[in-house]
Amino acid sequence: MEVISKQLSVSSEIKVVALAGGVGGAKLAHGLAQLLPPERLTIIVNTGDDFEHLGLTICPDVDTVLYNLAEVNNPAFGWGRADETFHVLEETKRLGHDAWFMLGDKDIALHLLRRQMLDAGMTLTGVTLELARRLGVTHPVLPMSDQPVRTMILTPEGELPFQEYFVHRRTEPAMLGMRLAGLEEARASDAALAALDEADAVVFCPSNPFVSIGPILALPGVRERIAQTPTLAVSPIIGGRALKGPAAKMMAEQGLEVSAAGVARHYACLVDGFVLDEADAGLADAVRALGLTPFVTDSVMRDKAGRRRLAEKVLAFALSLREERGGE
Ligand code: FO1
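In what follows, the accompanying structure is described. These figures come from a predicted structure and were not determined experimentally.

**Examining helix α9 (residues 209–218)**
Here's step 1: Most of α9 is tucked away, with 9 of its 10 residues classed as buried.
Here's step 2: For α9, every residue scored as buried is listed here: Pro209, Phe210, Val211, Ser212, Ile213, Gly214, Pro215, Ile216 and Leu217.
Here's step 3: Sitting at the amino-terminal end of α9 is Asn208, which places a side-chain oxygen 2.9 Å from the backbone nitrogen of Phe210.

**A short note on the site of the ligand**
Here's step 1: Not every one of the 14 residues close to the ligand is listed here, only the nearest: Asp49, Asp61, Phe101, Met102 and Gln163.
Here's step 2: The separation between an oxygen atom of the ligand and a polar side-chain atom of Asp49 is 2.7 Å.
Here's step 3: With respect to the ligand, the side chain of Gln163 contributes an N or O atom lying 2.9 Å from an oxygen atom.
Here's step 4: If the ligand stood free it would expose 530 Å²; the protein chains cover 89% of that surface.

**Regarding the sheet that holds strand β8 (residues 177–181)**
Here's step 1: In spatial order, the strands read β7-β6-β8; together these 3 strands make up an open sheet with antiparallel pairing. The open sheet has two edge strands with one neighbour each: β7 (158–161) and β8. The sheet shows a mean angle of 30 degrees between the axes of neighbouring strands, direction not considered.
Here's step 2: As judged from the 5 bridges shared by strand β6 (residues 150–155) and β8, these two strands associate in the antiparallel manner.

Rules used in this analysis
- Residues numbered from 1 in each chain as written.
- Predicted model: local features only at pLDDT ≥ 70, side-chain atom pairs only at ≥ 80, totals over all residues.
- Heavy atoms only, no water.
- Buried < 20%, exposed > 50% of the residue type's maximum accessible area, 1.4 Å probe, protein only.
- Helix = DSSP H or I, 4+ residues; strand = E, 2+ residues; numbered from the N terminus.
- Polar contact = N/O pair within 3.5 Å; in protein donor to acceptor, adjacent residues only side chain to side chain.
- Near = heavy atom within 4 Å.
- Areas by Shrake-Rupley, 256 points an atom, 1.4 Å probe, with all protein chains shown as cover.
- Pairing = 2+ DSSP bridges.
- Axes fitted to C-alpha atoms, helices over the stretch in contact; angles between N-to-C directions.

What follows is the structure in structure tokens.
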């Protein structure tokens, strides 16, 4: 107990960058935010899921992180707002709109303000920091880029925009591959690159490795910075299944081994350490064989305290990786 609190007091002095997307990512980001002050934690969020809908710019992963950090997220879905109503959406339906994307009234309010700020010429980073401030979120939540990058899923029917595939088609079509439209013209935001430059440790949250973490890593300059920094990933796959989302289905469709070890292999050139759930303790040797340091813990975040508990373990692990790499 004493050892852990000593480690934590040291960890409160290191600067951490978390890469996140989806609900699992937002949960661990919230756990880390419970432990580290805003000047020691930056969360860089995937924007490949973003799309234009009903004249609004929807940023599902950014908003999921914002709502979770503000503790106003819908606890059942993980995304969207708690105590939400859907009067606007119902009315659009009555007026003939095919309302397949569940935007609630409170969520729409935030989107109207995002629209206004974007139209006034603010960058997505500026808009996100301002929305965070208004929600009472003090940690920097940074969209990965200020230029649009849109994930396209290659299926047997052709390419589908991410939300069309994910929400409208409920991930039913097989995923044969993916493309990041706009990547050639995009760069990581200056704020995201600066945070990575200053980071003492980088944490890949338990997010989808392909569609959540993949787009962040695809931006020029990100991988190079991560290679300079002690980095760990938390497995989004537990016992051969994703707790939420299509990560396991995507791995199977791409011919990858559907297990935490399969995720570790996917990240092997990028990370020093890999967090496995206790259910996958038997895969620790396979992770070690990939040249990564395994760390086994209960990684299921059932509630707010569970998020904090996993974050404590992750920070202690990050510190030990830093020591292994000869950091101070
Ligand atoms: N996910 C769904 O499965 N169905 C929805 O209708 C839906 C609406 C929605 C609205 C706002 C928002 O921020 C997220 C929303 N999501 C919905 C989640 C979201 O699209 C996905 O979770 C992410 O893109 C995957 O990371």
